[in-house]
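Each chain is listed here by its residues.
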Amino acid sequence: MLKLRSVSFLFFLLSFVPLFAQQTFDTNQNIYDESEGIVYDREITADLKLLQTNGFAFGVNFARLKTYYLTRYINVEFGEIKHPKEYRQSFDFQRQSARVSRAFVFGKQNNFFVLRAGFGEKRYLSEKAKRRGVAVGITYEGGPSLGLLKPYYLELIRTAEQGSVDNFVVRSEKYSEANANTFLEISRIYGSSGFAQGLGELEVVPGLHGKFALHFDWGAFDEFVKAVEAGVMVDVFTRTIPIMIESPQVANTENRPFFINLYVNLQLGKRW
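To keep things clear, this report deals only with the structure shown in the data block. (Residues numbered from 1 in each chain as written. Predicted model: local features only at pLDDT ≥ 70, side-chain atom pairs only at ≥ 80, totals over all residues. Heavy atoms only, no water.)

1. Here's the deal with the packing of aromatic side chains
- Per the stated rule, a full pass over the model turns up eight aromatic pairs.
- Linked through ring pairs, Phe56, Phe58, Phe78, Phe113 and Phe195 together constitute an aromatic cluster.
- Its guanidinium or amino end placed over the ring of Tyr263, Lys49 lies 4.7 Å from that ring's centre, counting from NZ or CZ. (Phe/Tyr/Trp six-rings, centres within 6.5 Å; stacked < 30°, edge-to-face > 60°. Lys NZ or Arg CZ within 6 Å of the ring centre and 35° of its normal.)

2. A word on the sheet that holds strand S9 (residues 168–174)
- Pairing within the open sheet is antiparallel, and its three strands lie in the order S9-S8-S10. In this open sheet, the two strands that pair with only one neighbour each are S9 and strand S10 (189–192). Averaged over neighbouring strand pairs, the angle between their axes works out to 30 degrees when direction is ignored.
- The pairing of strand S8 (residues 153–159) with S9 spans seven bridges and is antiparallel. Among the inter-strand pairings, Tyr153 is bridged to a residue of S9, identified as Lys174. (Pairing = 2+ DSSP bridges. Helix = DSSP H or I, 4+ residues; strand = E, 2+ residues; numbered from the N terminus. Axes fitted to C-alpha atoms, helices over the stretch in contact; angles between N-to-C directions.)

3. A word on the environment of Pro84
- If you trace the backbone, Pro84 turns up in the loop between strand S3 (70–81) and strand S4 (88–89).
- A residue is classified by how much of its surface remains accessible, and Pro84, at 40% relative accessible area, is partly exposed.
- Residues Pro84 and Thr253 lie 169 residues apart in sequence; the distance between their C-alpha atoms is 8.4 Å.
- Those residues in contact with Pro84 that lie beyond four places of it in its chain are Asn54 and Arg256. (Buried < 20%, exposed > 50% of the residue type's maximum accessible area, 1.4 Å probe, protein only. Contact = heavy atoms within 4.5 Å.)

4. Focus: the pattern of salt bridges
- Summed over the entire model, instances satisfying the criterion amount to 16 salt bridges.
- Across the pair Glu77 and Lys49 runs a salt bridge, and its minimum N-O distance is 2.7 Å. Here Glu77, found in strand S3, pairs with Lys49, found in strand S1 (residues 42–52); they are 28 residues apart in sequence, far enough to count as distant.
- Looking at Glu77, the relative accessible area reads 1%, which means it is buried.
- Its relative accessible area of 4% is what places Lys49 among the buried residues.
- Put simply, Glu141 and Lys211 hold a salt bridge, and the shortest N to O gap is 3.6 Å. Here the residue Glu141 occupies a position in strand S7 (residues 134–151), and Lys211 occupies one in strand S11 (residues 203–218), the gap between them amounting to 70 residues.
- One continuous salt-bridge network, built from bridges that share partners, spans Lys49, Glu77, Arg116, Glu141, Lys211 and Asp235. (Salt bridge = Lys/Arg side-chain N within 4 Å of Asp/Glu carboxyl O.)

5. What about the environment of Arg72?
- One can find Arg72 in strand S3.
- Sequence separation of Arg72 and Glu121 is 49 residues, and the distance between their C-alpha atoms is 4.4 Å.
- A polar atom in the side chain of Arg72 sits 2.7 Å from the side chain of Glu121. (Polar contact = N/O pair within 3.5 Å; in protein donor to acceptor, adjacent residues only side chain to side chain.)

6. With respect to the nonpolar core
- By size, the foremost hydrophobic cluster in this structure holds 21 residues, and its most contacted members are Phe112, Leu154, Phe237, Ile241 and Phe259.
- For this core, the secondary-structure elements that each account for two or more residues are strand S5 (104–105), strand S6 (110–124) and S8.
- In this structure, Phe112 is in contact with Glu80, Ile81, Gly147, Leu148, Leu149, Phe237, Ile241, Ile243 and Phe259, ignoring residues within four places of it in sequence. (Core = buried A, V, L, I, M, F, W, Y, C linked by side-chain atoms within 4.5 Å.)

Take a look at the structure:
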């Protein structure tokens, strides 16, 4: 009888082994627990639009993580918008001069810079947002823009005044109706002027912008942000932006008040 009871008790204990085994966790596995809540609630990231169809931009995002799948942010960004017909070229002038012959854009009238401020959201669509895989999501943003027009200066070759040692002189000039023929005569262009030329003549143009992108995040809730975005950005301003000179000498250079850019954005930052 005692032997029978011992065997029965042993069988009873063995019947619980599978239940204990089911409660064993791999300590190396990244366990997600819904009850723990959000690990981080703030995020700051830097944007660098390495690839943009017409121009460049860089900015900063200040964000709040509302849930595992939703982040709201404020973006501040600065960049340049270029005309699709801009083409840089240069000449190799053999002159005994301290001036540097810089590359230039033929037919360009103004540089156009943009300061953007916007409110946006980032939404993750992938279940991998819970773990350390690649989280897939979307971002969308909108807000005001401030366009900055800066006159584009060229170094133009001019005939020297009588009594001068040289037959020709080089002068820095911006486009005007008075010098239109010389500004658009490519044989008279020595090169572009330095970037500082025209900074004191900035003209402000208000506008609006909007963005939409696909977002790919490696480790969506790691401490360090490592993400890439691919999307489209639209800028609309209150008037036509004269980046290029509209002239028969410069083909297909119609200016417009709106711009559509495709971009790839590298995003790096930190959560806490």
